[in-house]
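Observations on chain architecture
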Amino acid sequence: MSKLTLGSHPHMLGFEQLERLLERTAKTGNEGYPPFNIEQTATDAYRITLAVAGFSEADLSITVEDRQLVIRGRSRDEIAERVFLHRGIAARQFQRSFVLADGVEVGEAVIENGLLHVDLTLSRPETVVQTIQIRKG
C-alpha cells in the first residue's frame, strides 16, 4: 500500500512544505511542562502564556527558528547549593516550540507574576488577482 501525501494529489500543487510542517509539529514533544495557555486577544492577535515560576528574565530565551517559536528555560546553578527538605516547585530546564504560520509575527514578551506572555500578530496579505496573457504558439 502506498502512502497518500499532499504532494501526490493532482489538485494540491506545491503543498509539500505543509506536509513537512505537519510532520514537524507531530514530532514536537507533548510534555506538559511548563503548562501554557494560548488565547486570542483580538481578531488578528494572539498571546501565549507560560507558567514559569522561579525563572527570571535571564533564565529564559525566546527565538524564532525556521517559522518555529522556541521558548527555552534554564535555571541557574545557585539552586544546587541549597538544601531542600521538600521540593515541590519544578526548576528543571525546558523547551517549548510553537510552529508559526506564514504572516505570524512575534511581538513583545513580558514576564509578570511568574507568567511569561508572548504576543503574536497575524498580518494577512492583500488578495491579488493576476491575469495571465495567452500567447499564440
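This section reports on the structure supplied with the text. If you're wondering where the values come from, they're calculated on a predicted model, not measured in any experiment.

**Quick word on the pattern of salt bridges**
This model, assessed by the stated rule, comprises four salt bridges. Across the pair R124 and D44 runs a salt bridge whose closest N-O atoms are separated by 3.2 Å. Here D44 lies in the loop between β1 (36–42) and β2 (45–51) and R124 lies in the segment after β7 (115–122), a separation of 80 residues in the sequence. The class for R124 is exposed, based on a relative accessible area of 57%.

**Digging into the sheet that holds strand β3 (residues 60–64)**
The strand order β3-β4-β5 describes an open sheet built from three strands, whose pairing is antiparallel. Of all the strands in the sheet, just β3 and β5 (94–99) have a single pairing partner and so form its edges. Across this sheet, the average inter-strand angle for adjacent strands is 15°, counted without regard to direction.

**A few points about the side chain of T49**
As for its position among the elements, T49 is in strand β2. A distance of 3.0 Å separates the side chain of T49 from the side chain of H117, its partner in a polar contact. Contacts of T49, omitting those with residues within four sequence positions, involve P35, F36, N37, E39, L115, L116 and H117.

Reading the values: rules and limits
- Residues numbered from 1 in each chain as written.
- Predicted model: local features only at pLDDT ≥ 70, side-chain atom pairs only at ≥ 80, totals over all residues.
- Heavy atoms only, no water.
- Salt bridge = Lys/Arg side-chain N within 4 Å of Asp/Glu carboxyl O.
- Helix = DSSP H or I, 4+ residues; strand = E, 2+ residues; numbered from the N terminus.
- Buried < 20%, exposed > 50% of the residue type's maximum accessible area, 1.4 Å probe, protein only.
- Pairing = 2+ DSSP bridges.
- Axes fitted to C-alpha atoms, helices over the stretch in contact; angles between N-to-C directions.
- Polar contact = N/O pair within 3.5 Å; in protein donor to acceptor, adjacent residues only side chain to side chain.
- Contact = heavy atoms within 4.5 Å.

Scope: geometric values only; no functional claims are made or implied.
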